[in-house]
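# Structural features, examined
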Amino acid sequence: MRHARWRRVLAAGVAAAALVGLAGCGGAPAGPPVLNWYINPDDGGQAEIAAACTAASNGAYRIEVSTLPRQSSEQRQQLIRRLAANDSSIDIMSIDPPYIPEFAEAGFLAPVPQDVAQRTTAGVVNSAKEGASWNGELVTVPFWANTQLLWYRTSQVAATGLDMSKPVTWDQVIAAAQRQNSTIAAQGIRAESLTVWLNALVESGGGEIVTNPSPEDPEGVELGLDSPAATKAAEIMKNVSAVGGPGFSTASEDENSNAFQAGDAMFQVNWPFVWGKVKSAVEDGTVDQATLDDFGWAIYPQVTAGTRPAPPYGGINLGVGAFSPHVDLAYDATECIVSEENQKQYFLTNGNPAAKTSVFTDPEVVEEFPMAPVIAQSLQQAKPRPQTAYYSEVSESIQRNYHPTAGIDPPGVGPATAALIKAVLAKEELL
Amino acid sequence: MTTTSVKPGTGDTAASPAGRDPSDRARSEQRLGWMLAGPAFAVMLLVTAYPIVQAVWYSLFDYRLTDPDNISFVGLNNYAVILTDEIWWISFGVTVFITVVTVAVELVLGFALALVMMNALKAIRPVLRAAILIPYAVITVVSAFAWQYAFSLDSGFVNSWFDWVPGVAADTDWFGGTFSSLFVICLAEIWKTTPFISLLLLAGLAQVPDVLQEAARVDGATWWQRMWKVTIPNMKAAIMVALLFRTLDAFRVFDTVFVMTNGANDTETVSFLAYRQTIARVEIGLGSAVSVLLFLSVVVICVGFIKGFKVDLSQARGEK
């Protein structure tokens, strides 16, 4: 009896599941076409923009967001795997700039129409334009642009006599931290952020990690890691790790922002999210107002006194999937997403700086982010990471040889890494 | 695939003595056997053999997922690249280290726990078994995160609890060096999978006939003598199964390393290496070759265990 009852329950369940399955196959849903926007995780800003643009389209399309993994390298992996299988469900994607050449070379991006390119790059900061392009052509649409600043605790720096209103060098920052028995929070973890740091140091010293990307022939890539600028960069990394605190080799942006907020580090090089974070902590009552007031900011440190630094450039650009059935609509939606109004709103609510320069002078933005002018200046000077279709190989090779930074041999690490990258691209070595 | 086995005395072995044609009944039973086992066999081929064959095939090509127009046949070149690269040997060494350390510790600990479960009072036995099994029910990634948080510098409590141990200080960065990272990785693995091994050993312990124990006791054997001469030899098959399963499991360790160090400080394992070539670098050819080598290592371990222990697995299943 019991068996029979169970069998009936099971049969009913199977029938119900089959019906649901059949209902799911019943043709396309009614209403406007749905555009899938694959976004990187944020505080909900992109979803809000999607809703706003859906409303503004007057029924021409509906944007739905799907969230990608947290790490940018994992975002790339997921998108690439889907696009390699010609996934037509990807209409719009939020892409981290260093991976754009790879997407473009593989033919994963629908070409940007000339008029869209003109309209979306008008008044956009240099670094974002550079980061959205490949081979001199715009292949994605700049959305928001990020850059790192040098953050300092005003009270601790005051005791060292360092004048932060003038540009400072890495050596000065290291010496000040040593004098105060404090630390510098930089990203010493074996992750993408280590490459970001090295690239900023090499570019600030006038060098380049990849001097000729050679997209047609990966084995012909030329590297600048044996240059004096690269050696100086490695020296700075090693010196910073000596004053980086005990957990330096595992410190990422989040750990650094915590250490700085707690007062354990007197300096940090980090993205502007740290400001939004401390502000909300003050609002929640977990951090004193005095801590917020103690935050100071300046342009990224110089490698040698008198030379203009090239701070890290990050952010997100929007690509339209090459296999999307709605490329035109997707570009319409993209233009709506990157409108000045949305960029400003996104900056204000999520703390991610805009790609358009005009946003930084907006009174509302300046009130919320008093460092907005410094961010704007930093973005104009910022340099993207090496632009090559093999970026992830370059970055992983760097992470392998430059980590842990305390143990590197400054003159030797650059040439060794260059040799590794060449061997990896020639498929003679594993990574 | 065990469905093809038939009960002694009713199957074709009994109906068809060697040298003679099988009877009609035996033939129809054989046919029925194939009909029953056939679909399972086909599914097995589809889900296990097909990916293996595909991996072997891809491993002979230079194939990058983002550059599908430039696939070229390179023969065994991918294997040559891997086997001459120190990264492979470091990963292999790390994997062997984790396997040997965790399995050895787990065997001793698991055996002790099995004895406790076996001899515990009947009333508390179910509670005890449930308590011991909890770590095994925890998802590996979750346990890896839990242990990572416990040992990390900012959120961890280990440093403050154990700062009286020599070598542990308030600022010990466990994930900053190879051996300290491997120590935490092994610890998390041991915590997680000791229950599994102890459960298998408990099954083995329960199989040792009581009459043998009693006979030994009557002969005046001490506890140790009974353990070494009666209990352990009689549960050889169970020990082998426990060791084999755990060794294979440990050799494929991935999640814990991925969460805790992401391969930093030379803590990369072989499956992590395969993941990075295939998923991160999208080099399908190279990655497949690493996967095939991992598969071959697992086969070698399997054969080694079965030959080394001289245990007939079908006997362990009680078929003969």
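We now turn to the structure provided with this report. (Residues numbered from 1 in each chain as written. Chains lettered and ligands numbered in written order. Predicted model: local features only at pLDDT ≥ 70, side-chain atom pairs only at ≥ 80, totals over all residues. Heavy atoms only, no water.)

## Re a nonpolar patch on the surface
Residues and elements named next belong to chain B. A contiguous nonpolar patch, built from Ile52, Val56, Phe295, Leu296, Val299 and Val303 and spanning about 440 Å² of accessible area, is present on the exposed surface. Broken down by secondary-structure element, the contributors of at least two residues to the nonpolar patch are helix H2 (24-58) and helix H14 (284-309). It is H14 that provides the largest number of residues to the nonpolar patch, a total of four residues. Its place among the elements puts Val303 in helix H14. (Patch = residues over 30% accessible without salt bridge, like charges linked within 9 Å, V, L, I, M, F, W, Y side chains within 5 Å. Areas by Shrake-Rupley, 256 points an atom, 1.4 Å probe, with all protein chains shown as cover. Salt bridge = Lys/Arg side-chain N within 4 Å of Asp/Glu carboxyl O. Helix = DSSP H or I, 4+ residues; strand = E, 2+ residues; numbered from the N terminus.)

## Re the side chain of Thr256(B)
Residues and elements named next belong to chain B. When you line up the elements, Thr256 lands in helix H12 (residues 255-260). Judged by relative accessible area, which is 2%, Thr256 ranks as buried. Engagement of the side chain of Thr256 in a polar contact is seen with the side chain of Glu189, the distance being 2.7 Å. Apart from the residues within four sequence positions on either side, Thr256 is in contact with Thr140, Ala144, Ile185, Ala188 and Glu189. (Buried < 20%, exposed > 50% of the residue type's maximum accessible area, 1.4 Å probe, protein only. Polar contact = N/O pair within 3.5 Å; in protein donor to acceptor, adjacent residues only side chain to side chain. Contact = heavy atoms within 4.5 Å.)

## Some remarks on the state of the cysteines
All names here are of chain A. As enumerated under the stated definition, the model contains one disulfide over all chains in all. Shown here is the disulfide that connects Cys53 with Cys336, its sulfur atoms set 2.1 Å apart. On the sign convention where negative means left-handed, the S-S torsion of about -95° between Cys53 and Cys336 marks this disulfide as left-handed. Of this pair, Cys53 sits in helix H2 (residues 45-56) while Cys336 sits in helix H14 (residues 327-337), placing them 283 residues apart in sequence. (Disulfide = S-S within 2.5 Å.)

## Notes on unusual backbone geometry
In this model, His403(A) is joined to Pro404(A) through a cis peptide bond whose omega is -10°. Even without glycine at this site, Asn262(B) takes up a positive phi of about 55°. Relative to the helices and strands, Asn262(B) resides in the loop between H12 and helix H13 (270-280). Taking the relative accessible area as the measure of exposure, Asn262(B) reaches 39% and is therefore partly exposed.

## Re the packing of aromatic side chains
Here the structure, examined in full by the defined rule, presents 42 aromatic pairs over all chains. Taking 5.7 Å as the distance between ring centres and 75° as the angle between the ring planes, the aromatic pair formed by Tyr99(A) and Tyr391(A) counts as edge-to-face. Here Tyr99(A), found in the loop between strand E3 (92-95) and helix H4 (100-105), pairs with Tyr391(A), found in helix H18 (residues 391-402); they are 292 residues apart in sequence, far enough to count as distant. Judged on exposure class, the residue Tyr99(A) and its partner Tyr391(A) are both buried. When the centroid spacing of 5.6 Å and the interplanar angle of 90° are considered together, the rings of Phe258(B) and Tyr275(B) count as edge-to-face. (Phe/Tyr/Trp six-rings, centres within 6.5 Å; stacked < 30°, edge-to-face > 60°.)

## A word on the sheet that holds strand E2 (residues 62-67) of chain A
Residue and element names in this part refer to chain A. Spatial strand order, E2-E1-E3-E13-E6: five strands in an open sheet with mixed pairing. Looking at strand neighbours, the two that pair on one side only are E2 and strand E6 (141-147), the edges of this open sheet. Averaged over all adjacent pairs, the angle separating strand axes in this sheet is 20°, with direction ignored. Looking at chain direction, strand E1 (residues 34-39) and E2 are connected through six bridges and run parallel. Note on E2: the bridge partner recorded for Ile39 is Thr67. Packing of H14 onto the sheet brings it into contact with E1, E2, E3, E6 and strand E13 (313-320), and relative to E13 it is tilted by some 145°. On top of the sheet, helix H17 (residues 372-381) reaches E6 and E13; it is set at about 110° to E6, its chief contact. (Pairing = 2+ DSSP bridges. Axes fitted to C-alpha atoms, helices over the stretch in contact; angles between N-to-C directions.)

## A look at the sheet that holds strand E12 (residues 295-298) of chain A
Two pairing modes exist for strands in a sheet, parallel and antiparallel, and in both the strands are linked by backbone hydrogen bonds. All names here are of chain A. Spatially, the four strands line up as an open sheet ordered E8-E11-E7-E12, and their pairing is mixed. For this open sheet the edge positions go to strand E8 (183-185) and E12, each flanked by a neighbour on one side alone. Neighbour-to-neighbour, the strand axes of the sheet open up by a mean angle of 25°, direction not taken into account. Here E8 pairs with strand E11 (residues 265-270) via three bridges, running parallel. Following the sheet pairing, Thr183 is matched in E11 by Ala265.

So yeah, pure geometry; function would need other evidence.
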